[in-house]
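Coordinate inspection notes
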Amino acid sequence: MPKMTFIERDGTRRDVDAPVGLSVLEIAHKHDIDLEGACEGSLACATCHVVVDPDWAAKLGTPTDDEEDMLDLAFGLEKTSRLGCQIVMTDALDGLTVRLPKAG
Ligand code: FES
């Protein structure tokens, strides 16, 4: 099974199992990682905001316009910011690393 890494707000690295087909948001919830996801993946909030490791950002492709619009509302936006509910795990993403943005 692929794995992925979350870097928590205090800098702790969490390597977790990342089942193919689950979103980064769902994976975070499975492992009690503090990513909110208030709208449960329906692109109506920005509380699932994660900052993708620059080495991985290109592999994820570009976000849709809807995702971009929602990201504009996210606190602490960075160049590789994405919405965790819109990143779906695949075998090719084995090792994906994302950081939780600073509290906001
Ligand atoms: S959970 Fe609301 S946009 Fe991702």
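The structure reproduced in this document is the subject of the present report.

Rules and cut-offs
- Residues numbered from 1 in each chain as written.
- Predicted model: local features only at pLDDT ≥ 70, side-chain atom pairs only at ≥ 80, totals over all residues.
- Heavy atoms only, no water.
- Helix = DSSP H or I, 4+ residues; strand = E, 2+ residues; numbered from the N terminus.
- Contact = heavy atoms within 4.5 Å.
- Phe/Tyr/Trp six-rings, centres within 6.5 Å; stacked < 30°, edge-to-face > 60°.
- Lys NZ or Arg CZ within 6 Å of the ring centre and 35° of its normal.
- Pairing = 2+ DSSP bridges.
- Axes fitted to C-alpha atoms, helices over the stretch in contact; angles between N-to-C directions.
- Patch = residues over 30% accessible without salt bridge, like charges linked within 9 Å, V, L, I, M, F, W, Y side chains within 5 Å.
- Areas by Shrake-Rupley, 256 points an atom, 1.4 Å probe, with all protein chains shown as cover.
- Salt bridge = Lys/Arg side-chain N within 4 Å of Asp/Glu carboxyl O.
- Lys, Arg positive; Asp, Glu negative; His and termini not counted.
- Charge placed at Lys NZ, Arg CZ, Asp CG, Glu CD.
- Core = buried A, V, L, I, M, F, W, Y, C linked by side-chain atoms within 4.5 Å.
- Buried < 20%, exposed > 50% of the residue type's maximum accessible area, 1.4 Å probe, protein only.

1. Let's talk about the side chain of S23
Looking at the secondary structure, you find S23 in the loop between β2 (13-17) and α1 (24-30). Among residues more than four places away in sequence, those in contact with S23 are G84, C85, I87 and V88.

2. So, unusual backbone geometry
What you tend to see is this: most non-glycine residues have negative phi, and most peptide bonds are trans. In this model, D32 sits at a positive phi of 55°, which is unusual for a non-glycine residue. Its place among the elements puts D32 in the loop between α1 and β3 (49-52).

3. Notes on the packing of aromatic side chains
Two measures describe an aromatic ring pair: the distance that separates the ring centres and the angle between the ring planes. By the definition in use, this model includes zero aromatic pairs. Note that K59 overlies the ring of W56, its terminal NZ or CZ placed 4.6 Å from the centroid.

4. Examining the sheet that holds strand β4 (residues 81-83)
The strands that make up a sheet pair up through hydrogen bonds in the backbone, lying either parallel or antiparallel. Strand order in the open sheet formed by five strands is β2-β1-β5-β3-β4, and the pairing between neighbours is mixed. Where the open sheet ends on each side, the last strands, each with one partner, are β2 and β4. Neighbour-to-neighbour, the strand axes of the sheet open up by a mean angle of 35°, direction not taken into account. In the sheet, strand β1 (residues 3-7) pairs with β2 via five bridges, with the strands oriented antiparallel. In the strand pairing of β2, F6 is matched with R14.

5. What about the environment of G61?
Relative to the helices and strands, G61 resides in the loop between α2 (54-57) and α3 (65-71). Residues G61 and I87, 26 residues apart in the sequence, show an inter-C-alpha distance of 9.8 Å.

6. Topic: a negative patch on the surface
On the surface, D65, D66, E68, D69 and D72 cluster together to form a negatively charged patch. Residue position: D65 is located in helix α3.

7. A look at the nonpolar core
Membership of the largest hydrophobic core comes to 27 residues, with the highest contact counts inside it found for M4, F6, I87, L96 and V98. If you list the elements that add at least two residues to this core, you get β1, α1, β3, α3 and β5 (96-99). Residue contributions to this core peak at four residues, all from α1. Not counting residues up to four positions away in its chain, the partners in contact with L96 are K3, M4, T5, V24, V52, W56, L60 and I87.

8. A few points about the pattern of salt bridges
Going through the model one piece at a time under the given rule, you end up with five salt bridges. Taking the shortest distance from any N to any O, the salt bridge between E8 and R14 comes out at 3.5 Å. Of the residues examined, R14 reaches a relative accessible area of 27% and is grouped as partly exposed. Measuring nitrogen to oxygen at the nearest pair gives 2.7 Å for the salt bridge that ties R82 to E67.

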